[in-house]
Amino acid sequence: MSGTPRVLFIGHAYIDITFITDRIPRGDEKYVAQDYAVSFGGNAVTAAFCCAKLAEGGMAVDLIATYADDWLGRMFLDMAERYDVSIHPRAVRESSLSFIMPNNGKRAIVRCRDDNYLETFPQIDLRGLVALHIDGHQSDAALHYAQLSREAGVLTSLDGGGVRHNTQEVLKFIDVAIVSERFCEQMDLSAPQMLTYLRSAGCKVGGVTRGERGLLWYESDSAPRVTPALAVPSDKVIDTSGAGDMFHGAYLWSCVARPEKSWAEHFQFASAASAFKVQKLGNEAGLPAQTDVARMRQVFAESELRPA
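Quick notes on the rules
- Residues numbered from 1 in each chain as written.
- Predicted model: local features only at pLDDT ≥ 70, side-chain atom pairs only at ≥ 80, totals over all residues.
- Heavy atoms only, no water.
- Helix = DSSP H or I, 4+ residues; strand = E, 2+ residues; numbered from the N terminus.
- Rg over C-alpha atoms; globule rule 2.2 N^0.38 Å.
- Buried < 20%, exposed > 50% of the residue type's maximum accessible area, 1.4 Å probe, protein only.
- Areas by Shrake-Rupley, 256 points an atom, 1.4 Å probe, with all protein chains shown as cover.
- Lys, Arg positive; Asp, Glu negative; His and termini not counted.
- Charge placed at Lys NZ, Arg CZ, Asp CG, Glu CD.
- Expected span 1.5 Å × (residues − 1).
- Pairing = 2+ DSSP bridges.
- Axes fitted to C-alpha atoms, helices over the stretch in contact; angles between N-to-C directions.
- Contact = heavy atoms within 4.5 Å.
- Right-handed = clockwise from strand over helix to strand, strands pointing away.
- Phe/Tyr/Trp six-rings, centres within 6.5 Å; stacked < 30°, edge-to-face > 60°.
- Lys NZ or Arg CZ within 6 Å of the ring centre and 35° of its normal.

1. Some details on the overall build of the protein
Helix and strand counts for the protein come out as nine helices and 13 strands. Relative to the 2.2 N^0.38 estimate, which gives 19 Å for 308 residues, the radius of gyration of the protein is 19 Å and therefore close to what a compact globule would have. By its C-alpha atoms, the protein is 60 × 50 × 40 Å across when sized along the principal axes. Across the 308 residues that make up the protein, the buried fraction comes to 54%. Entry remark: accessible area of the protein is about 14300 Å², with carbon and sulfur atoms responsible for 48%. Charged side chains of the protein number 31 positive and 38 negative; the gap between the two group centres comes to 3 Å.

2. Considering helix α8 (residues 263-277)
Along its 15 residues, α8 runs 21 Å from first to last C-alpha, staying within 8% of the 21 Å computed at 1.5 Å per residue. With 13 of its 15 residues buried, α8 lies for the most part within the structure.

3. Re the sheet that holds strand β7 (residues 106-112)
What the four strands build is an open sheet, ordered β3-β2-β6-β7; its pairing is mixed. The open sheet is flanked by β3 (35-41) and β7, the only strands paired with a single partner. Between one strand axis and the next, the sheet turns by 20° as a mean value, whatever way the strands run. Both strand β6 (residues 96-103) and β7 contribute to a ladder of seven bridges, which runs antiparallel. Of the residues in β7, the one forming a bridge with I100 is I109. Against the sheet, helix α2 (residues 71-82) engages β2 (14-20), β3 and β6, with an angle of about 80° to β3.

4. What about the environment of S271?
Considering the arrangement of structural elements, one finds S271 in helix α8. In this structure the C-alpha to C-alpha distance between S271 and G214, which are 57 residues apart in sequence, comes to 8.1 Å. Beyond its immediate stretch of four places on either side in the chain, S271 contacts P228, A229, L230 and F247.

5. A few points about the pairing of strand β5 (residues 85-91)
Looking along a regular strand, one sees side chains alternate from face to face of the sheet. Relative to β5, strand β4 (residues 60-67) runs parallel, the two sharing seven bridges. Bridging across to β5, D62 finds its partner in S86. In terms of handedness, the path from β4 via α2 over to β5 forms a crossover that is right-handed.

6. Digging into the packing of aromatic side chains
This model, assessed by the stated rule, comprises twelve aromatic pairs. When the ring of F40 is compared with that of Y83, the centres are 6.4 Å apart and the planes differ by 75°; the resulting orientation is edge-to-face. With F40 in strand β3 and Y83 in the loop between α2 and β5, this pair connects stretches of sequence that are 43 residues apart. By relative accessible area, F40 is classed as buried at 0%. With a relative accessible area of 14%, Y83 lands in the buried category. Relative to F267, the ring of Y251 lies with its centre 5.6 Å away and its plane at 85°, an arrangement referred to as edge-to-face. Residue Y251 is located in helix α7 (residues 243-257), and its partner F267 is located in helix α8; the two are separated by 16 residues in the primary sequence. The same class applies to Y251 and to F267, which are both buried. Note that R199 overlies the ring of Y218, its terminal NZ or CZ placed 4.2 Å from the centroid. Lying over the aromatic face of W217, R225 brings its terminal NZ or CZ to 4.5 Å of the ring centre.

Have a look at this one:
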């Protein structure tokens, strides 16, 4: 294929305010946090930024995202321009916010979201597109472009963070489906049972992310296998929010930029990208370069394999 490869992401844009505090004030009280970060947020949105950072200008990254013409929206556009992410906006009245509180390897999140779209999703030219990644937000756009991409022979990828109203229909057009344990819980399936379900839905590659226990996954008719998480010491873990989104953005970059590599290698690369993120506060600071991923793989050994 000639020219720069294009990848398309579809998701809901947030501005994330991530702060570290050992105490939440109650009533008529004030308290000063120890540290904070302001960044872009949203599952597929963060994956898009990760992909763009890894691409280092060698890939055209398009993003269909919600956008409000307010100061937060303009901040988001500035962030996208900095990382060379082309935004195709879908208008809403107000920008969405996430307030994220990391705590001992976990994170609590309060979201303020406007998903009342003021217009239909953007229609964009798919010429040169080699991959699509969706997270279920903007479900009408996700289904539309998944179907068009399948018809055009474009690789389709799903971040299944949660079950949406049209998830089963979307899955018919998905090649790579990597879902969360929450997704499994919503469908009342164990992780191995979820692999069976994704295989039956026609997904060529399917997996369940399980945090520090790594990724349980299959390819085609293979037996389930595990890609371990890298063993980042607990005292180095600062903020796990966004680590899964980096995982998705990293494997998508890897499979487009390095098609000769196996899916095992793509997922090992993505695991190292996540390991870099958890040591940083906020999504922007946690965007890995290719050299960061290589360093993570050298510094941290894979976690001990645990039962599926």
